[in-house]
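Coordinate analysis (summary)
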Amino acid sequence: MSDEQGGTERELTESTMEAGKQISSRRHLFALAAVGSFLFCACGLTTVRAGSWVADALTGRGTATSGSGSTVPADWPATSAALTIAVSPSMAGTLRELAQSFNNLRYRTPDGELMEVELVTRSSREMVEESVQQPAFQAVTPDSSLWLGLINQRWAQLFPEESGILPAGRVGRPTLFAVSPVVIAVPLDIAQQLGWPQQSIGWKEVHARAASLTGEFSWGHPGPSNTAGVAATLSKFYAGAGLTRGLTEEIATQPYVLEYVQQAESAAYVLGAGGWAGDGHSPVEGSERADDDVNGVRLDAYVTQEQSVVAWNRSSGRGPSSLSGMDSAGHFLPDGLLTAIYPKEGTLWADHPLALLELDGRAGPAVTPNQRSTYRAFTEFLLGEESQSALLEAGFRPVDLNIDLQAESSPFAETGTVNPLLPQTLMPVASQTVLEVVLDAWRLSLPPVRILLVVDTSESMAGGKLARTKAALHGFVDQIRGDGDMVGLVEFGSGVQRFGDLYQLDAEGRRHISLLIEGMEAGGSTRLIDAVWSAYSELSELADADATYVIVVLTDGRDNDSEHRLRNLQRAVLEAGSPVSIHTVGFGRNADGRLMKELALIGGGQFYRADEMTVEEVYRKIAASIQRED
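Residues numbered from 1 in each chain as written. Predicted model: local features only at pLDDT ≥ 70, side-chain atom pairs only at ≥ 80, totals over all residues. Heavy atoms only, no water.

**Looking at the nonpolar core**
Note on soluble globular proteins: their nonpolar side chains tend to be buried together. Counting 83 residues, the largest nonpolar core has Leu95, Trp219 and Phe378 as the members making the most contacts within it. Top element by residues in this core is helix α8 (residues 227-241). It accounts for 8 residues. The next biggest cluster of nonpolar side chains, apart from the first, holds 31 residues, and it includes Met461, Leu489, Leu505 and Tyr619. (Core = buried A, V, L, I, M, F, W, Y, C linked by side-chain atoms within 4.5 Å. Buried < 20%, exposed > 50% of the residue type's maximum accessible area, 1.4 Å probe, protein only. Helix = DSSP H or I, 4+ residues; strand = E, 2+ residues; numbered from the N terminus.)

Rendered as structure tokens:
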């Protein structure tokens, strides 16, 4: 963190891993706004979106990420015994403590290399995207095995084997070390109003209660970047189809199913980046909110892992504070003592597998023999009695069947708010193609975006800065995946240059944008405000309620040549009242932080600090926040 010119700025640098165990679940969820109309069309969902990321990987647009998420070439010595594991947020705090305990043992390989386990936090969905490229980690522990199936499916599409030969998998055989079912967390009094514990409660009852006109009940869930979000979204498809199993891609895309999903989704608060309801201005790590006003609604139920309910009910920090309750993935939970509802139609298990990636050297360094040794040693450590007891204490169900969940010392025996004998029914995940449809439902439900990338190409950007900016812009465009989304480019130095129209992000549009980015050259002064004025004028003329309009500005210096002034821009924005967001990136220490923060404030967006090592990560986070993903 640094303080500059009276304003606080969160600086994105290469992160060390967070210390200490995160207190897992807590209670109160405030959302900035309900997700707008859930606009599906049957034709949009009939196409599985695997093609776009396959094309990205095959054309080299995919990149690896470091522990901070920064895009860097993945590399490690051939003798390395350091094992980097990508871990889901719900397990990150607990596994970090266990990894530290393992590292303290100071095991060595036969050739004398020190075994060490390092962790990087990724959503389960991010693990899938990165694992089919050349990641900066060698093992993954998503919150469910279903994500491992997606990794292998996508890897097989990238590298198909000859007919009759089974393709080599991207992940090795996984080891389960803890499990936790997905539940609906509800305050005790609300659960009793729903009929608990006398009646079994299902997803459909929750959907109907939330959709009632009384407005007395509200619920929320994550977007499908983790297993809780997948379960909640999948439940809508099953309920809409009137099925408990046998969901196919054809059924999932029927108009009557999509209509039901639309209604159910419009009655739910779906959380995006940072755990807030997606409204295009979600707070994201590494950013500074330009507007600190939070107008929220209280949720009566939230979909999360059972572990969150156990851990929160055992914590001593429960209180009435509106923002005090947060589960281990960073999502806010309702008030009060929580009850875990195990939906009667079935639910999914967060079975927390640990699996080694079979990095074979095709796109980067291979997993070393010493890293495999560290993986085996850490796996054995996690299955040991001490680790299994620590996982139980954290609220997970251990896989060691010799541990009695109902023993007097067990957290499952302390209250009747969780039931270790449930769930008795599992929700069928169906095929991988259906899962892709469900995952895409989140993206397809969003309005299309119209984005202008405003980039400083003044003389001070020459060399490494412009090269890293180009890489960051390529990565940003790659992440914007909606077929109806559009991106344009504005660069500024001594003048302001606008390149053509907004390009639709089909294959041809992506090619045009890529060529424009590569063609940028540095030179001249810095007409920053003029460039933002030009971009805002263009988007505000286009703005309507059917799309999201965003400007992303990057500069490494100070405005020294603009004809327009900041107050003129501010007045024009206030008078126009158009819904155009402005996000700003200050590249390096010489960037005018005060001006960039003011621009973000005017546009209701966020201000970021970046350097050459983190600029790509900043753009990745902005893209995620625009698309309101977890």
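What follows picks up the thread again.
**Examining the sheet that holds strand β3 (residues 82-87)**
The 5 strands are arranged β4-β3-β5-β14-β6 in an open sheet whose pairing can be described as mixed. Edge positions in the open sheet fall to β4 (116-121) and β6 (175-176), since each of these has one partner strand only. As paired elements, β3 and strand β5 (residues 139-141) share 3 bridges and run parallel to each other. Across the sheet, Val87 pairs through a bridge with Thr141, a residue of β5. Helix α3 (residues 89-104) contacts β3, β4 and β5 of the sheet and is inclined by roughly 165° relative to β4. (Pairing = 2+ DSSP bridges. Contact = heavy atoms within 4.5 Å. Axes fitted to C-alpha atoms, helices over the stretch in contact; angles between N-to-C directions.)

**Considering the side chain of Ser180**
Relative to the helices and strands, Ser180 resides in strand β7 (residues 178-187). Side-chain polar atoms of Ser180 contact the backbone nitrogen of Glu306, separated by 3.3 Å. Contact partners of Ser180, with chain neighbours within four places excluded, come to Gln305, Glu306, Gln307, Trp349, Ala350 and Phe396. (Polar contact = N/O pair within 3.5 Å; in protein donor to acceptor, adjacent residues only side chain to side chain.)

**Some details on the packing of aromatic side chains**
Under the definition given, this model contains 5 aromatic pairs. Note on Phe102 and Tyr107: the rings are 5.6 Å apart at their centroids and 65° apart in plane angle, and the pair reads as edge-to-face. Residue Tyr107 is classed as partly exposed on the basis of its relative accessible area of 37%. Considering the side-chain rings of Phe378 and Phe381, the 6.2 Å spacing of their centres and the 15° angle between planes classify their relative orientation as stacked. Taken together, the residues Phe378 and Phe381, both in helix α12 (residues 369-382) and 3 residues apart, mark about one turn of the helix. On the accessibility criterion, Phe381 (17% relative accessible area) is buried. Clustering of aromatic rings is evident, with ring pairs tying together Phe102, Tyr107, Phe378 and Phe381. The lysine or arginine in question, Arg170, covers the ring of Trp155, its NZ or CZ lying 3.8 Å from the ring centre. (Phe/Tyr/Trp six-rings, centres within 6.5 Å; stacked < 30°, edge-to-face > 60°. Lys NZ or Arg CZ within 6 Å of the ring centre and 35° of its normal.)

**Here we look at helix α19 (residues 593-602)**
Buried within α19 we find Gly593, Leu595, Met596, Leu599, Ala600 and Ile602. Phi turns positive one or two residues past the end of α19, at Gly604, with a value near 65°.

**Things to note about the packing of helix α4 (residues 124-131) against helix α5 (residues 146-158)**
Packing of α4 against α5 leaves a shortest axis separation of 9 Å and a crossing angle of 20°. As the angle between them shows, α4 and α5 are arranged roughly parallel. Crossing of α4 against α5: the hand is right-handed. On the side of α4, the interface is formed by Ser124, Arg125, Met127, Val128, Glu129 and Ser131, while α5 contributes Trp147, Leu150, Ile151 and Arg154. Within the contact of α4 with α5, the residues separate by chemical class into 5 nonpolar, 2 polar and 3 charged. (Parallel < 35°, antiparallel > 145°, perpendicular 65-115°, else oblique. Left-handed = near helix turned anticlockwise from the far one by under 90°. Nonpolar A, V, L, I, M, F, W, Y, C, P; charged D, E, K, R; others polar.)

**As for the pattern of salt bridges**
On inspection of all chains with the given rule, the structure shows 14 salt bridges. Linking Glu563 and Arg527 is a salt bridge whose minimum nitrogen-to-oxygen distance equals 3.7 Å. Linking Glu563 in the loop between β20 (548-555) and α18 (566-576) with Arg527 in the loop between α16 (507-518) and α17 (528-542), this pair joins segments that are 36 residues apart in sequence. With its nearest N and O atoms 2.7 Å apart, the salt bridge here joins Glu617 to Arg620. Linking Glu617 with Arg620, this pair stays in helix α20 (residues 615-626), spanning 3 residues, or about one helical turn. (Salt bridge = Lys/Arg side-chain N within 4 Å of Asp/Glu carboxyl O.)

**Some thoughts on helix α7 (residues 203-211)**
Those residues of α7 not exposed but buried are Trp203, Val206, His207 and Ala210. Projected onto a plane normal to the axis of α7, the buried residues spread over an arc of 100° and lie on a single side. (Arc of directions from axis to C-beta.)

**Section: the confidence of the model for the chain**
Mean pLDDT over the chain: 77, with 77% of residues reaching 70 or higher. Scored below 50 in pLDDT, residues 1-73 shows 224 contacts in the model against residues more than four places distant or in partner chains. This stretch, residues 317-333, has a pLDDT under 50; its non-local contacts, to residues over four places away or in other chains, come to 77 contacts. (pLDDT = per-residue confidence, 0-100.)

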